[in-house]
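Now for the letters of each chain:
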Amino acid sequence: MNKNHLRRVITLACAALALVVSLACNSKPSGDNVAATVDGRKIYRADVEKYYENQTAGSQQQQQPTGEQATSLRLSILRELIDNEILMRRAEKLGLLATDEEVDRKLNEIKSPYTQEEFDARMKEKKITLDDFKRDLRRSLTVDKVLNKEVTSKINITDQDISNYYNAHKAEFNLIEPQYHLAQIVVTTAPNPQVHNLKNDKAQNEADARKKIQMLVNHLESGDDFGTLAMNYSEDADTAGNGGDLGITPESSLRNTDPNTRDVVTKLKPGAVSPIIPVVNPVTKQIFGFRIVKLIAKEPAGQRELSDPRVQQAIRSQLRDRREQLLKSAYYEVLRDSAKVENYFAEKVLEENGTK
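Residues numbered from 1 in each chain as written. Predicted model: local features only at pLDDT ≥ 70, side-chain atom pairs only at ≥ 80, totals over all residues. Heavy atoms only, no water.

(A) Broad picture of the pairing of strand β2 (residues 41–44). Bridging between strand β1 (residues 34–38) and β2 involves 4 bridges; their strand directions are antiparallel. Paired with Val34 across the bridge in β2 is Tyr44. Linking β1 back to β2 in an antiparallel pair, the connection comprises 2 residues, with Asp39 at a positive phi of about 50°. (Pairing = 2+ DSSP bridges. Helix = DSSP H or I, 4+ residues; strand = E, 2+ residues; numbered from the N terminus.)

(B) Summary view of the environment of Ile176. Along the chain, the position of Ile176 falls in the loop between β3 (174–175) and β4 (179–188). Assessed through its relative accessible area of 78%, Ile176 is described here as exposed. In this structure, the C-alpha to C-alpha distance between Ile176 and Pro300, residues 124 residues apart in sequence, is 8.8 Å. (Buried < 20%, exposed > 50% of the residue type's maximum accessible area, 1.4 Å probe, protein only.)

(C) How the structure looks around the pattern of salt bridges. Enumeration over the complete set of coordinates arrives at 29 salt bridges. As a salt-bridge pair, Arg41 and Glu92 come within 2.9 Å of each other at their nearest N and O atoms. Taken together, the positions of Arg41 in strand β2 and Glu92 in helix α3 (residues 67–94) put the pair 51 residues apart, joining distant regions of the chain. Classification of Arg41 as partly exposed rests on a relative accessible area of 29%. Glu92 sits in the partly exposed class, given a relative accessible area of 35%. Taken together, the shared-partner salt bridges connect Arg79, Asp83, Glu333 and Arg336 into one network. (Salt bridge = Lys/Arg side-chain N within 4 Å of Asp/Glu carboxyl O.)

(D) Just the sheet that holds strand β9 (residues 341–343), in detail. Taken in spatial order, the 3 strands make up an open sheet running β2-β1-β9, and their pairing is antiparallel. Two strands close off the open sheet at either side, each with one partner strand: β2 and β9. On average, each strand axis in the sheet is inclined to that of its neighbour by 20°, with strand direction left out of account. The sheet strands contacting helix α2 (residues 45–56) are β1 and β2, and the helix crosses β2 at an angle near 45°. (Axes fitted to C-alpha atoms, helices over the stretch in contact; angles between N-to-C directions. Contact = heavy atoms within 4.5 Å.)

(E) Structural detail: unusual backbone geometry. In the Ramachandran plot, Asn200 falls in the positive-phi region, its phi being about 50° despite a non-glycine side chain. Relative to the assigned elements, Asn200 resides in the loop between β4 and α8 (206–221). Using a relative accessible area of 45% as the deciding quantity, one classes Asn200 as partly exposed. A positive phi angle, near 65°, is found at Lys285, a position not held by glycine. Locating Lys285 in the fold gives a position in the loop between β6 (277–280) and β7 (287–299). Here Lys285 falls in the exposed class, since its relative accessible area comes to 63%.

(F) Highlighting the layout of surface pockets. Taken as a whole, the largest pocket encloses approximately 640 Å³ of empty space. Around the largest pocket sit 21 residues that line it, and Tyr51, Asn54, Ile128, Phe133 and Asp136 are the ones nearest its centre. Examining the composition of the lining of the largest pocket, we find that 6 residues originate from one element, helix α6 (residues 130–150), more than from any other. Residues of the lining of the largest pocket, tallied by class, amount to 10 nonpolar, 4 polar and 7 charged. In this model, the second largest pocket occupies a volume close to 300 Å³. Grouping the constituent residues of the lining of the second largest pocket by class yields 4 nonpolar, 1 polar and 5 charged. (1 Å grid on protein atoms, 1.4 Å probe; cavity = no way out; pocket = protein on both sides within 12 Å on 5 of 7 lines; lining within 4 Å. Points joined across faces, edges and corners; volume = space filled by probe spheres on them. Nonpolar A, V, L, I, M, F, W, Y, C, P; charged D, E, K, R; others polar.)

(G) Broad picture of the sheet that holds β6. Strand order across the open sheet formed by 4 strands is β5-β4-β7-β6, with antiparallel pairing between neighbours. The sheet is open, and its two edges are formed by β5 (245–250) and β6, each paired on a single side. If you compare each strand with its neighbour and ignore which way they point, the axes differ by 40° on average. Each of β4 and β7 is contacted by helix α9 (residues 226–233), which is oriented at about 40° to β4, the strand it contacts most.

(H) Just the side chain of Glu85, in detail. Of note, Glu85 is situated in helix α3. Once residues lying within four places of it in the same chain are set aside, the contact partners of Glu85 are Val38, Arg41 and Ile43.

This is the structure:
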């Protein structure tokens, strides 16, 4: 073989090798098992499906998302997984990954209201394993640590900020009518599948409901915390998860509630808890539940001055929340710009709909 021929063979071999390398570098992961990559780290379609099933668990068949709605939910879940992976990469650089001790402490805190059997049942209901749950806890704790260091800890709301806001929004602090800050515990005479309190405890009939509400009264009279009892036992789907808190209710809005509740609430003193209030169907006059109401605070009508500590705290919290939301959004955008993200699932959605 002469030198020219040998040189051509080597050149062709190098070209072929370069082509193979190029194709390998630019090819997508085979199959549909990889939904996306973040700086080469894979996010699997199975993980997206796991979170999808978790979010839709407990929904009735007719309420399950379908078609475009289901695809949109999967895209949203994947976007969150991508953002979390980007933050996990940042946490590694900052040395802020959550430790095993932190994960175990948080796990024990979450498990504390349950027996082991109740906790296992919740895991099964959500279709996740303990390892999955601990992995999610580690990710959540890590994300919180990164955002706290990079964003939250750097937010400073000054007294001047508060004063400026108050002067620009003074009318917001002029209450035209008394306002009530209320919380409630509700027990119904028929179990609602959409209700999920921490104890997964629901009355099955009126007699059962009467026994349960009296049990809760006994606990309150013994000094147990109202919010904790609401989270553990209340059967109101909207408020059980936040300790029964109904938020601030203007006095005029009490006219829309049942007369029994309205009459009791207007006579309560701040911090007091009502007796058992039967909740009656106004049409059939049948009892369909029982309620205990706590008046957390009552605000009389009139102008609130800037010197009121409650006004200052409300403004500070509002300004901090707004600034934190803005800065976190900007922080995510900066991190996304610096990361190499390949969203194969999103590309597939575009291809299947004929836009690529």
